[in-house]
Amino acid sequence: MILTVTPNPCVDKTVFIDELQVGTFMRASECTCIPGGKGCNVSRAVNALGCATKAMVVVGGHPGAHVVDMITNQDGIECVPVWVQSQTRTITTVLEQSVHRQTAFFEPGPRVTGEEAGDIVRTFAEAVQGAKIVTFNGTVPDPTLKHLYRDLIPIAKKAGALTVLDAHGPEFALGLQAVPDIVKPNVAEAQELAGYPLDTPAAKWRLIESLHQKGISLVALTLGKDGALISDARDRLHVIPPAIEEVNPVGSGDAFVAGLAIGVLDGLPLSDIARLAVAAGAANAMSWDIGHFTKEQVEQLLPQVQVMNV
């Protein structure tokens, strides 16, 4: 079982219109809604790939209840909620279909008290039992929680689970102090951590090597349409995705994490882990809603993924 942790989930709503006319009343032709946040996306992708998953989320208010309901009843995934008094955020994306342009409005995340922070740790210590892999995903809703991943990763390790960290900013830097088994930054997140431009292959590999030196076993640096650089400190791979008709790339990094985690869980060779992760990310980009792809789609893409030793 793969447990995902999302401290800052959201009600992820998309409003479909023809073209935005600022300052007017716009009527939508369609509206979709899914439980958002990076870990929720990972769980949905893991589920699509046929693997067992649980989604732990920090939620509050009616929007929080909506998130839990969607995870449980819409996605069919076991949800582990930690309730806080402050309200879960909503992210509203306006998609202009005539020009395929999206504009997203992010509400602030909830505030979390010291007592509620303790509830997160206690709930996690119970939820992690039986998990083989735990993914720690995205931002925290309250700056006072910036150390959360650093605190939770040792608990997961003690429970015998492998740990995957996919975050940025202070929570990523502090989380690295707990030495997760696997990290998956994108270039912008890794550059923020490194403090120097990652504008050449040499610079990217330098950053990856520095993460290995911290004790991290597997590093995946995602490059968007250019694929990913993946290293286990022995083998270095550049993995290039297949040519697809892209609909929405948002959440493809989370689908990548899902494929990565399943590949590790299944004990696949590094090249096959890389191939599965990139194929899952590509499949995700072929539809609008995040994680709404099938295992069959991923299997069709697998032979088209290029894996090159570096």
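A.B. asks: For this particular structure, what's the right way to read helix α8 (residues 252–265)?
C.D. replies: It helps to recall that an α-helix has 3.6 residues per turn; residues three or four apart then point in one direction. Look at α8: 20 Å from first C-alpha to last across 14 residues, which is about the 20 Å you get at 1.5 Å a residue. Most of α8 is tucked away, with 11 of its 14 residues classed as buried. Those residues of α8 that sit buried are Ser 252, Asp 254, Ala 255, Phe 256, Val 257, Ala 258, Gly 259, Leu 260, Ala 261, Ile 262 and Gly 263.

A.B. asks: I tried to follow the sheet that holds strand β4 (residues 53–59) on my own but got confused; where do I start?
C.D. replies: What holds strands together in a sheet is hydrogen bonding between their backbones, with the strands either parallel or antiparallel. In space, the 10 strands of this open sheet follow the order β5-β4-β1-β8-β9-β10-β11-β12-β13-β14, with mixed pairing throughout. Lying at the two open borders of the sheet, with one neighbouring strand each, are β5 (78–83) and β14 (306–309). Pairing of strand β1 (residues 2–6) with β4, which is carried by five bridges, proceeds in the parallel orientation. The residue bridging Thr 4 from the neighbouring strand is Ala 55, located in β4.

A.B. asks: Before we go on, may I ask you to explain the packing of helix α3 (residues 114–127) against helix α4 (residues 148–158) in this structure?
C.D. replies: Where α3 meets α4, the axes come as close as 10 Å, and the angle between the chain directions of the two elements is 25 degrees. With respect to their mutual orientation, α3 and α4 come out roughly parallel. You can see that α3 and α4 cross each other, and the crossing is right-handed. Here α3 contributes Ile 120, Val 121, Phe 124 and Ala 125 to the contact with α4, which in turn contributes Leu 148, Leu 152, Ile 155 and Ala 156. The residue makeup of the contact of α3 with α4, split by class, is eight nonpolar, no polar and no charged.

Rules of the game
Residues numbered from 1 in each chain as written. Predicted model: local features only at pLDDT ≥ 70, side-chain atom pairs only at ≥ 80, totals over all residues. Heavy atoms only, no water. Helix = DSSP H or I, 4+ residues; strand = E, 2+ residues; numbered from the N terminus. Expected span 1.5 Å × (residues − 1). Buried < 20%, exposed > 50% of the residue type's maximum accessible area, 1.4 Å probe, protein only. Pairing = 2+ DSSP bridges. Axes fitted to C-alpha atoms, helices over the stretch in contact; angles between N-to-C directions. Parallel < 35°, antiparallel > 145°, perpendicular 65-115°, else oblique. Left-handed = near helix turned anticlockwise from the far one by under 90°. Contact = heavy atoms within 4.5 Å. Nonpolar A, V, L, I, M, F, W, Y, C, P; charged D, E, K, R; others polar.

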